Amino acid sequence: MTSPTPADDQQPWDEPVDERFSPSPVDAVVFDLGNVLIRWDPFAAVVAGVGAAEATAFFAAEDFDFGAWNYQQDAGRGWEEAETEASRTHPHWGPALRAYREHFPRSLIGVFEDTVTVLRELHEAGVPLFALTNWSEELFPEALRRFDFLELFEDIVVSGEEGVAKPDPEIFRVLEERMRHRGSLEDTVFIDDNPRNVEAATAAGMDAILFTDTGHLREDLRARGLPLRRA
Ligand SMILES: [Mg+2]
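Predicted model only: the values in this text are computed from it and were never measured.

(A) Expanded view of the overall build of the protein. When helices and strands are tallied, the protein shows 11 helices and seven strands. Within the span of the protein, comprising 231 residues, buried residues form 29% of the whole. Of the contacts formed within the protein by residues at least 6 apart in sequence, a portion of 69% connects residues at least 24 apart.

The structure is reproduced here in C-alpha coordinates:
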(Lines give C-alpha, C1' and ligand atoms only; values in the text may rest on other atoms or scores of the structure.)
Protein backbone atom coordinates (compact mmCIF):
# COMPACT_ATOMS: atom_id res chain seq x y z
CA MET A 1 0.00 0.00 0.00
CA THR A 2 1.36 3.42 -0.93
CA SER A 3 1.09 6.32 1.47
CA PRO A 4 -1.04 9.19 0.30
CA THR A 5 0.99 12.22 -0.67
CA PRO A 6 0.60 14.87 2.03
CA ALA A 7 -1.14 18.02 0.96
CA ASP A 8 1.22 20.91 0.31
CA ASP A 9 0.07 22.79 3.39
CA GLN A 10 0.48 19.80 5.77
CA GLN A 11 3.47 19.94 8.08
CA PRO A 12 5.24 16.83 9.38
CA TRP A 13 4.16 17.56 12.97
CA ASP A 14 0.50 17.46 11.93
CA GLU A 15 0.79 13.76 11.21
CA PRO A 16 -0.54 11.34 13.78
CA VAL A 17 2.03 9.90 16.19
CA ASP A 18 3.23 6.47 15.14
CA GLU A 19 2.18 4.22 18.04
CA ARG A 20 5.20 1.96 17.48
CA PHE A 21 7.49 4.76 18.57
CA SER A 22 5.41 6.14 21.42
CA PRO A 23 6.59 5.52 24.99
CA SER A 24 5.13 2.36 26.52
CA PRO A 25 2.13 3.01 28.73
CA VAL A 26 2.97 2.69 32.42
CA ASP A 27 1.04 -0.12 34.13
CA ALA A 28 2.00 0.86 37.68
CA VAL A 29 4.49 2.82 39.78
CA VAL A 30 6.46 1.08 42.54
CA PHE A 31 8.02 3.12 45.36
CA ASP A 32 10.77 2.28 47.79
CA LEU A 33 9.83 3.74 51.22
CA GLY A 34 12.99 4.44 53.23
CA ASN A 35 14.60 7.72 52.18
CA VAL A 36 12.23 8.09 49.23
CA LEU A 37 8.99 8.71 51.15
CA ILE A 38 10.03 8.20 54.79
CA ARG A 39 13.15 9.77 56.25
CA TRP A 40 15.04 7.10 58.19
CA ASP A 41 18.07 7.67 60.39
CA PRO A 42 19.04 4.81 62.72
CA PHE A 43 21.43 7.11 64.60
CA ALA A 44 18.42 8.98 66.00
CA ALA A 45 17.18 5.77 67.64
CA VAL A 46 20.51 4.61 69.03
CA VAL A 47 21.37 8.02 70.46
CA ALA A 48 18.11 7.93 72.43
CA GLY A 49 19.33 4.79 74.19
CA VAL A 50 23.04 5.30 74.74
CA GLY A 51 23.77 8.99 74.10
CA ALA A 52 25.51 10.80 71.27
CA ALA A 53 29.11 9.83 72.03
CA GLU A 54 28.40 6.10 72.25
CA ALA A 55 26.08 6.18 69.23
CA THR A 56 28.72 7.97 67.16
CA ALA A 57 31.33 5.40 68.17
CA PHE A 58 28.92 2.55 67.39
CA PHE A 59 28.16 3.70 63.84
CA ALA A 60 31.86 4.38 63.19
CA ALA A 61 32.98 1.05 64.65
CA GLU A 62 35.34 -1.03 62.54
CA ASP A 63 34.27 -4.24 64.27
CA PHE A 64 30.52 -3.92 63.77
CA ASP A 65 28.65 -3.17 60.56
CA PHE A 66 25.21 -1.90 61.55
CA GLY A 67 23.98 -1.77 57.95
CA ALA A 68 24.88 -5.40 57.25
CA TRP A 69 23.41 -6.51 60.58
CA ASN A 70 20.18 -4.60 60.04
CA TYR A 71 19.91 -5.98 56.51
CA GLN A 72 19.62 -9.50 57.92
CA GLN A 73 16.46 -8.46 59.78
CA ASP A 74 15.15 -6.83 56.58
CA ALA A 75 15.67 -10.24 54.98
CA GLY A 76 13.63 -12.03 57.61
CA ARG A 77 15.77 -12.70 60.70
CA GLY A 78 14.02 -12.06 64.02
CA TRP A 79 15.27 -9.21 66.21
CA GLU A 80 15.54 -11.26 69.40
CA GLU A 81 17.84 -13.74 67.69
CA ALA A 82 19.83 -10.93 66.05
CA GLU A 83 20.38 -9.03 69.31
CA THR A 84 21.25 -12.14 71.30
CA GLU A 85 23.83 -13.24 68.75
CA ALA A 86 25.40 -9.81 68.23
CA SER A 87 25.54 -9.10 71.98
CA ARG A 88 27.40 -12.39 72.44
CA THR A 89 29.95 -11.70 69.70
CA HIS A 90 30.23 -7.95 70.42
CA PRO A 91 29.31 -7.51 74.11
CA HIS A 92 30.78 -3.99 74.20
CA TRP A 93 28.18 -2.91 71.62
CA GLY A 94 25.28 -4.69 73.31
CA PRO A 95 23.56 -1.58 74.73
CA ALA A 96 23.95 0.35 71.47
CA LEU A 97 22.68 -2.38 69.18
CA ARG A 98 19.74 -3.11 71.47
CA ALA A 99 18.89 0.60 71.59
CA TYR A 100 17.99 0.60 67.90
CA ARG A 101 14.92 -1.63 68.12
CA GLU A 102 13.93 -0.25 71.53
CA HIS A 103 13.82 3.31 70.21
CA PHE A 104 12.98 2.46 66.60
CA PRO A 105 10.13 5.01 66.25
CA ARG A 106 12.71 7.77 66.68
CA SER A 107 14.58 6.57 63.58
CA LEU A 108 11.60 7.61 61.43
CA ILE A 109 12.47 11.28 61.44
CA GLY A 110 9.97 12.63 58.92
CA VAL A 111 8.72 12.41 55.35
CA PHE A 112 9.76 13.65 51.93
CA GLU A 113 6.88 16.05 51.34
CA ASP A 114 7.51 16.40 47.60
CA THR A 115 7.42 12.64 47.12
CA VAL A 116 4.23 12.35 49.17
CA THR A 117 2.64 15.03 46.95
CA VAL A 118 3.65 13.08 43.83
CA LEU A 119 2.23 9.91 45.37
CA ARG A 120 -1.10 11.61 46.14
CA GLU A 121 -1.37 13.05 42.61
CA LEU A 122 -0.70 9.65 41.04
CA HIS A 123 -3.33 8.11 43.31
CA GLU A 124 -5.89 10.78 42.41
CA ALA A 125 -5.20 10.10 38.73
CA GLY A 126 -5.92 6.40 39.28
CA VAL A 127 -2.39 5.11 38.63
CA PRO A 128 -1.89 1.71 40.34
CA LEU A 129 0.64 2.17 43.15
CA PHE A 130 2.79 -0.42 44.92
CA ALA A 131 5.63 -0.26 47.44
CA LEU A 132 8.64 -2.54 47.64
CA THR A 133 10.52 -1.96 50.87
CA ASN A 134 13.43 -3.47 52.77
CA TRP A 135 11.93 -3.39 56.24
CA SER A 136 11.83 -5.90 59.06
CA GLU A 137 8.49 -7.60 59.57
CA GLU A 138 8.48 -6.76 63.30
CA LEU A 139 9.14 -3.04 62.84
CA PHE A 140 6.96 -2.35 59.80
CA PRO A 141 3.72 -1.89 61.79
CA GLU A 142 5.24 1.31 63.23
CA ALA A 143 5.33 2.76 59.69
CA LEU A 144 1.68 1.82 59.10
CA ARG A 145 0.72 3.54 62.36
CA ARG A 146 2.61 6.71 61.57
CA PHE A 147 2.15 7.41 57.86
CA ASP A 148 -1.39 7.59 56.50
CA PHE A 149 -0.16 7.90 52.89
CA LEU A 150 0.78 4.21 53.00
CA GLU A 151 -2.95 3.56 52.52
CA LEU A 152 -2.62 4.86 48.96
CA PHE A 153 -0.71 1.75 47.93
CA GLU A 154 -2.69 -1.10 46.49
CA ASP A 155 -0.12 -3.45 48.02
CA ILE A 156 3.16 -3.20 49.93
CA VAL A 157 5.79 -5.90 49.56
CA VAL A 158 7.77 -5.96 52.84
CA SER A 159 11.07 -7.82 52.54
CA GLY A 160 10.98 -9.10 56.12
CA GLU A 161 7.66 -10.83 55.48
CA GLU A 162 9.02 -12.47 52.33
CA GLY A 163 12.36 -13.57 53.81
CA VAL A 164 14.31 -11.90 51.01
CA ALA A 165 15.40 -8.29 50.47
CA LYS A 166 16.48 -5.98 47.64
CA PRO A 167 18.70 -6.22 45.66
CA ASP A 168 18.19 -10.00 45.58
CA PRO A 169 16.49 -10.78 42.23
CA GLU A 170 14.05 -13.05 44.09
CA ILE A 171 12.23 -10.09 45.71
CA PHE A 172 11.44 -8.74 42.23
CA ARG A 173 9.86 -12.07 41.35
CA VAL A 174 7.70 -11.71 44.48
CA LEU A 175 6.72 -8.22 43.35
CA GLU A 176 5.94 -9.47 39.85
CA GLU A 177 3.59 -12.09 41.30
CA ARG A 178 1.84 -9.56 43.56
CA MET A 179 1.20 -7.07 40.75
CA ARG A 180 0.61 -9.45 37.87
CA HIS A 181 -3.06 -8.41 37.64
CA ARG A 182 -1.91 -4.84 36.86
CA GLY A 183 0.65 -5.68 34.22
CA SER A 184 4.28 -6.62 33.77
CA LEU A 185 7.49 -5.40 35.36
CA GLU A 186 8.52 -4.22 31.88
CA ASP A 187 5.80 -1.56 31.92
CA THR A 188 6.36 -0.59 35.56
CA VAL A 189 8.31 2.38 36.89
CA PHE A 190 10.38 1.80 40.05
CA ILE A 191 11.82 4.48 42.35
CA ASP A 192 14.59 3.80 44.89
CA ASP A 193 17.40 5.81 46.51
CA ASN A 194 19.86 2.91 46.50
CA PRO A 195 21.84 2.52 43.24
CA ARG A 196 22.23 -1.24 43.80
CA ASN A 197 18.45 -1.63 44.01
CA VAL A 198 17.97 0.48 40.89
CA GLU A 199 20.47 -1.76 39.11
CA ALA A 200 18.66 -4.91 40.28
CA ALA A 201 15.26 -3.51 39.26
CA THR A 202 16.61 -2.65 35.82
CA ALA A 203 17.98 -6.19 35.52
CA ALA A 204 14.50 -7.46 36.46
CA GLY A 205 13.13 -5.52 33.48
CA MET A 206 11.72 -2.46 35.25
CA ASP A 207 12.12 1.18 34.27
CA ALA A 208 14.04 2.20 37.40
CA ILE A 209 14.67 5.75 38.61
CA LEU A 210 17.37 6.64 41.16
CA PHE A 211 15.81 8.98 43.75
CA THR A 212 18.17 11.75 44.78
CA ASP A 213 15.94 14.29 46.57
CA THR A 214 16.94 17.02 44.11
CA GLY A 215 13.41 17.65 42.86
CA HIS A 216 13.77 15.60 39.68
CA LEU A 217 11.30 12.85 40.50
CA ARG A 218 8.28 14.78 39.26
CA GLU A 219 9.96 15.57 35.92
CA ASP A 220 11.34 12.03 35.60
CA LEU A 221 7.79 10.67 35.96
CA ARG A 222 6.22 13.30 33.69
CA ALA A 223 8.76 12.37 31.02
CA ARG A 224 7.35 8.84 31.17
CA GLY A 225 3.86 10.12 30.47
CA LEU A 226 2.56 9.94 34.02
CA PRO A 227 -0.26 12.37 34.84
CA LEU A 228 1.44 14.85 37.17
CA ARG A 229 1.21 18.62 37.38
CA ARG A 230 4.19 20.73 36.36
CA ALA A 231 6.44 21.65 39.28
MG1 LIG B 1 15.52 3.43 50.44
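(B) Examining the nonpolar core more closely. Counting residues in each nonpolar core, the largest one holds 52 residues, and the members touching the most others are Phe31 and Val46. Of the residues that make up this core, three or more belong to each of domain 1 (25-40 + 109-222) and domain 2 (42-107). In this structure, phenylalanine 31 is in contact with Val36, Leu37, Leu119, Ala131 and Ile191, ignoring residues within four places of it in sequence.

(C) Structural context of the sheet that holds strand E5 (residues 155-158). If you walk across this open sheet you meet the five strands as E5-E4-E1-E6-E7, and the pairing is parallel. Every interior strand has two partners, whereas the edge strands, E5 and strand E7 (207-210), have only one. Each strand axis lies, on average, 20° off the axis of its neighbour in the sheet, ignoring direction. One ladder, built from four bridges, connects strand E1 (residues 28-31) with strand E6 (residues 188-192); its direction is parallel. Considered in E6, the bridge of alanine 28 is made with threonine 188. Strands in contact with helix H9 (residues 169-178) are E1, strand E4 (129-133) and E5; relative to E5, the strand with the most contacts, it is inclined by about 160°.

(D) Representation of unusual backbone geometry. The residue after lysine 166, namely proline 167, is reached through a cis peptide bond having omega 5°. For proline 167, the position within the fold is in the loop between helix H8 (159-162) and H9. In this structure, asparagine 35 takes a positive phi of about 65° despite not being glycine. The residue aspartate 213 is not glycine, and still its phi comes out positive at about 60°. Note that aspartate 213 resides in the loop between E7 and helix H11 (217-222). The exposure class of aspartate 213 is partly exposed, given the 13 C-beta atoms found within 10 Å.

(E) Region of interest: H9. Regarding H9, the residues found buried are Ile171, Phe172 and Leu175. Projected down its long axis, H9 shows its buried positions confined to an angular sector of 100°, all on one face. Among the exposed residues of H9, those pointing more than 90 degrees away from its buried face are Pro169 and Glu177. Tucked into the core, H9 has its buried residues touching E1, E4, E5, H8 and helix H10 (195-203).

Calculation criteria
Residues numbered from 1 in each chain as written. Predicted model: local features only at pLDDT ≥ 70, side-chain atom pairs only at ≥ 80, totals over all residues. Helix = DSSP H or I, 4+ residues; strand = E, 2+ residues; numbered from the N terminus. Buried ≥ 20, exposed ≤ 12 C-beta atoms within 10 Å, placed from the backbone. Contact = placed C-beta atoms within 7 Å. Core = buried A, V, L, I, M, F, W, Y, C linked by C-beta atoms within 7 Å. Domains from an automatic or database assignment. Pairing = 2+ DSSP bridges. Axes fitted to C-alpha atoms, helices over the stretch in contact; angles between N-to-C directions. Arc of directions from axis to C-beta.

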